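Next come the chains, spelled out residue by residue.
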Amino acid sequence: MADRVTVIGWDGSPLTAAARAALGAATLVAGAAHHLALPEVPHTAERIRLGSVALAARRIAAHRGTAVVLADGDPGFFGVVRTLRAPEFGLEVEVVPAVSSVAAAFARAGMPWDDAHVVVAHRRTLRRAVNVCRAHTKVAVLTSPGAGPAELGLLLDGVHRTFVICEELGTAREQVSVVTSDKAADHTWRDPNVVIVIGGPVGAGESGGWIAGRDPSAGPRGWSLPAAAYGGGLGEGEADLLRAAQLARLGPRLGDLVWDIGCGSGAFATEAARAGAAVIAVDRDPAACARTESTARRFGLQLQVVAGTAPHVLENLPEPDVVRVGGGGPGVVSAVADRRPQRIVTHAATRDAAELIGRNLTEHGYDVECALLQSVGLDTRAWTETARSVAFLLSGVLPERGA
C-alpha cells in the first residue's frame, strides 16, 4: 500500500506550498493529461493517466511509495476522494482542495449559488439531471462527454431555459457563453464544462437563505392542501384526501418526471412540483391548462403544461417516472402503461370501472392495488355532514422498478 496519498485539487491558479511539497516527494502521480503536464510533476515519478478512478486506486493501493492524485476543482465535491476512500481500496488520503468548478462557474457568471441545485450528468443520470433542470430555477450541471450542453438542450425541448456554459475553466482556453436552451445543440462544446441552467425568477431575498438549494419550508405546510388553497371548484377526482392518497402511492421526488393527465385545476400537479419533481400537466380543456399555469405561478413553481387530448398528445412527451391519470379512462391508462413508468395511479367511480382498469394494468405487468376511499366532511360547529366523496383508488407498480 502507498505510504502516503495526497489528493490535490487544481483550478488553474498556482499550486500552494503544500501541493508543491507533496508533488515534489511523489513517486507516483495520477491525473488527467493537463495535470501530468504541470512542471511541478517530478520527471522520475510513475505517471498514471486518470480514466477510471477505481483502476487508478488499485494501482495506488499496490504502490510502495508516495502517491499524488491531481483532480480539477475540489476533489471532495463530486470528485475522486469518495472512490479513493472506498473500503475495498483501504486508502487514507490527505486533501489539498481548490475552488470547485461549480463555484468558479457561478463566480464567472457573477451569481450567488447557495440557492442552486448541483447535479452530475453522464449517460446514466442525464435524464434525471434534465428533470431537475425542468423543476428548478437555478441548477449547476457537471457534464461529461455524451451528456453535455447539447444533450441538455435537446432533452429540455418545450421548456425555455438560459444556459451559462463555462468551458475549460482555469485554463488558457477558458470560455463563458450564454445561450438559450434551444440553441445549445447548434454548437460544439469543449470538455470539461459546467452548465448553469436558469429559468424563471431566481432572485434571493435580502437576507439570503438558510439551506443550500431550494428552501423546503417555502410555501404552505401540508402534503395535500384543501380546495380553498386552489380557489375552490375542484373536480370530483381532485378531492384533497384522494390527492393525498395518490401522492402517497406515487411518491414524486427530486429527479422524477411526473405526468398529470387530466390536470383540471392543477392541484395535483402543483403538489407533485412542491415535492421537487418535474411535472408535465396535460388537459384537453384550455381553461384547465390556463388555471394550472396560474396556480403554479402563484406557488412559485416550474411546470410544463401541454394542451391536448390523451392518449395522442402523450406520444411525443419525454419518458415519465410516475403518472397520475385523472381522466380518460382505460384507454389512456393502457397507453400510459405502454410507456412503462415505475408507478401509475388513477381512480374510478364504480367497481366495474375499477376492475376493468385493474385488469388492464395487470396485463401490462403491474402489481395492482385497489381501495375504496370514502370521506365525509363535517361542520364542526354543529357536527353535521357537509360533503361526501367516494372513489376507488387504483395503483400499479412495476415489480422490477418499484423502489
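Everything in this summary refers to the structure shown in the same document.

About the cut-offs
- Residues numbered from 1 in each chain as written.
- Predicted model: local features only at pLDDT ≥ 70, side-chain atom pairs only at ≥ 80, totals over all residues.
- Heavy atoms only, no water.
- Helix = DSSP H or I, 4+ residues; strand = E, 2+ residues; numbered from the N terminus.
- Buried < 20%, exposed > 50% of the residue type's maximum accessible area, 1.4 Å probe, protein only.
- Contact = heavy atoms within 4.5 Å.
- Core = buried A, V, L, I, M, F, W, Y, C linked by side-chain atoms within 4.5 Å.
- Pairing = 2+ DSSP bridges.
- Axes fitted to C-alpha atoms, helices over the stretch in contact; angles between N-to-C directions.
- Parallel < 35°, antiparallel > 145°, perpendicular 65-115°, else oblique.
- Left-handed = near helix turned anticlockwise from the far one by under 90°.
- Nonpolar A, V, L, I, M, F, W, Y, C, P; charged D, E, K, R; others polar.
- Phe/Tyr/Trp six-rings, centres within 6.5 Å; stacked < 30°, edge-to-face > 60°.
- Salt bridge = Lys/Arg side-chain N within 4 Å of Asp/Glu carboxyl O.

Notes on the overall build of the chain
Okay, so step 1: The helix and strand tally for the chain stands at 12 helices and 17 strands.
Okay, so step 2: Across its three principal directions, the C-alpha atoms of the chain cover 85 × 45 × 45 Å.
Okay, so step 3: Considering the chain as a whole, with its 403 residues, one finds that 48% of them fall into the buried category.
Okay, so step 4: A sequence separation of at least 24 residues applies to 61% of the contacts in the chain between residues at least 6 apart.

Here's the deal with the nonpolar core
Okay, so step 1: Within the largest apolar cluster, 27 residues are counted, with the highest numbers of intra-cluster contacts made by Trp259, Ile261, Leu314, Val325 and Val336.
Okay, so step 2: At the level of elements, strand E11 (257-261), strand E12 (278-283), strand E14 (322-325), helix H11 (329-338), strand E15 (343-348), helix H12 (351-363) and strand E17 (384-397) are the ones that each hand at least two residues to this core.
Okay, so step 3: Sort the elements by how many residues they give to this core and H11 lands first, with 4 residues.
Okay, so step 4: If you look at the next biggest cluster of nonpolar residues, it comprises 22 residues, including Val7, Ala67, Val69 and Leu91.

Let's talk about the environment of Val397
Okay, so step 1: Among the structural elements, Val397 can be located in strand E17.
Okay, so step 2: Taking the C-alpha atoms as reference, Val397 lies 9.0 Å from Leu250; in sequence the two are 147 residues apart.

Let's talk about the environment of Leu398
Okay, so step 1: Inspection of the secondary structure puts Leu398 in the segment after E17.
Okay, so step 2: Not counting the four nearest positions on each side in its chain, Leu398 is found in contact with Arg340, Pro341, Gln342, Gly365 and Tyr366.

Focus on the pairing of strand E10 (residues 193-198)
Okay, so step 1: Most of E10 is tucked away: 6 of the 6 residues are buried.
Okay, so step 2: Side-chain alternation along E10 places Asn193, Val195 and Val197 on one buried face and Val194, Ile196 and Ile198 on a second face that is also buried.
Okay, so step 3: Alignment of strand E7 (residues 138-142) against E10, held across 5 bridges, turns out to be antiparallel. From the neighbouring strand, Val139 faces E10, where its bridge partner is Val197.
Okay, so step 4: Judged from the 6 bridges that link them, strand E8 (residues 162-167) and E10 form a sheet pairing that is antiparallel. Each bridged residue has a counterpart across the sheet, and for Thr162 the counterpart in E10 is Ile198.

Some details on the sheet that holds E14
Okay, so step 1: Taken in spatial order, the 7 strands make up an open sheet running E13-E12-E11-E14-E15-E17-E16, and their pairing is mixed. Where the open sheet ends on each side, the last strands, each with one partner, are strand E13 (304-307) and strand E16 (367-379). Going from strand to strand, the sheet's axes swing by 20° on average, the running direction of each strand aside.
Okay, so step 2: In this sheet, E17 lies alongside E15 in antiparallel orientation, the contact comprising 6 bridges. Bridging across to E17, Ile344 finds its partner in Gly396.
Okay, so step 3: Against the sheet, helix H10 (residues 286-298) touches E12 and E13, its axis set at about 175° to E13.

Regarding the sheet that holds E10
Okay, so step 1: As summarised here, the arrangement of the 5 strands in space is E6-E7-E10-E8-E9, forming an open sheet in which the pairing is mixed. With one partner strand each, in any of the chains shown, strand E6 (117-120) and strand E9 (175-180) form the two edges of the open sheet. Direction aside, the axes of adjacent strands within the sheet are offset by 20° on average.
Okay, so step 2: Contacts between helix H6 (residues 126-135) and the sheet are confined to E6, E7 and E10, with E6 contributing the most and set at about 160° to the helix.

Some points on unusual backbone geometry
Okay, so step 1: Backbone torsion omega between Asp191 and Pro192 reads -5°, so that peptide bond is classified as cis.
Okay, so step 2: Note the cis peptide between Ala310 and Pro311, where omega equals 10°.
Okay, so step 3: On the secondary structure map, Pro311 appears in the loop between E13 and E14.
Okay, so step 4: Its identity is not glycine, yet Glu168 carries a phi of approximately 45°, on the positive side.
Okay, so step 5: Along the polypeptide, Glu168 turns up in the loop between E8 and E9.

Quick look at the packing of H11 against H12
Okay, so step 1: Where H11 meets H12, the axes come as close as 10 Å, and the angle between the chain directions of the two elements is 15°. With respect to their mutual orientation, H11 and H12 come out roughly parallel. H11 and H12 meet at a crossing whose hand is right-handed. In contact with Pro330, Val333, Ser334 and Ala337 of H11, H12 contributes Leu356, Ile357, Asn360 and Leu361.
Okay, so step 2: Looking at side-chain class alone, the contact of H11 with H12 contains 6 nonpolar, 2 polar and no charged residues.

Some thoughts on the packing of aromatic side chains
Okay, so step 1: Counted under the stated rule, the structure contains 3 aromatic pairs.
Okay, so step 2: Here Phe77 and Phe78 contribute two aromatic rings whose centre-to-centre distance is 5.1 Å and whose plane-to-plane angle is 70°, an arrangement assigned as edge-to-face.
Okay, so step 3: Looking at Phe77, the relative accessible area reads 30%, which means it is partly exposed.
Okay, so step 4: The class for Phe78 is exposed, based on a relative accessible area of 51%.
Okay, so step 5: Plain terms: the ring middles of Tyr230 and Phe299 are 5.7 Å apart, the flat faces sit at 35° to each other, and that makes the pair tilted. Residue Tyr230 is found in the loop between E10 and helix H8 (240-250), and its partner Phe299 is found in the loop between H10 and E13; the two are separated by 69 residues along the sequence.
Okay, so step 6: Judged by its relative accessible area of 2%, Tyr230 falls in the buried class.

Things to note about the pattern of salt bridges
Okay, so step 1: The tally for this structure, following the rule as stated, stands at 16 salt bridges.
Okay, so step 2: Residue Glu174 pairs with Arg108 through a salt bridge whose shortest N-O separation is 2.7 Å. Of the two residues, Glu174 is situated in the loop between E8 and E9 and Arg108 in helix H5 (residues 101-109); the sequence distance between them amounts to 66 residues.
Okay, so step 3: By relative accessible area, Arg108 is classed as partly exposed at 40%.
Okay, so step 4: Note that Glu355 and Arg359 form a salt bridge whose closest N and O atoms lie 2.9 Å from each other. Placement of both Glu355 and Arg359 in helix H12 is noted, with a separation of 4 residues, approximately one turn of the helix.

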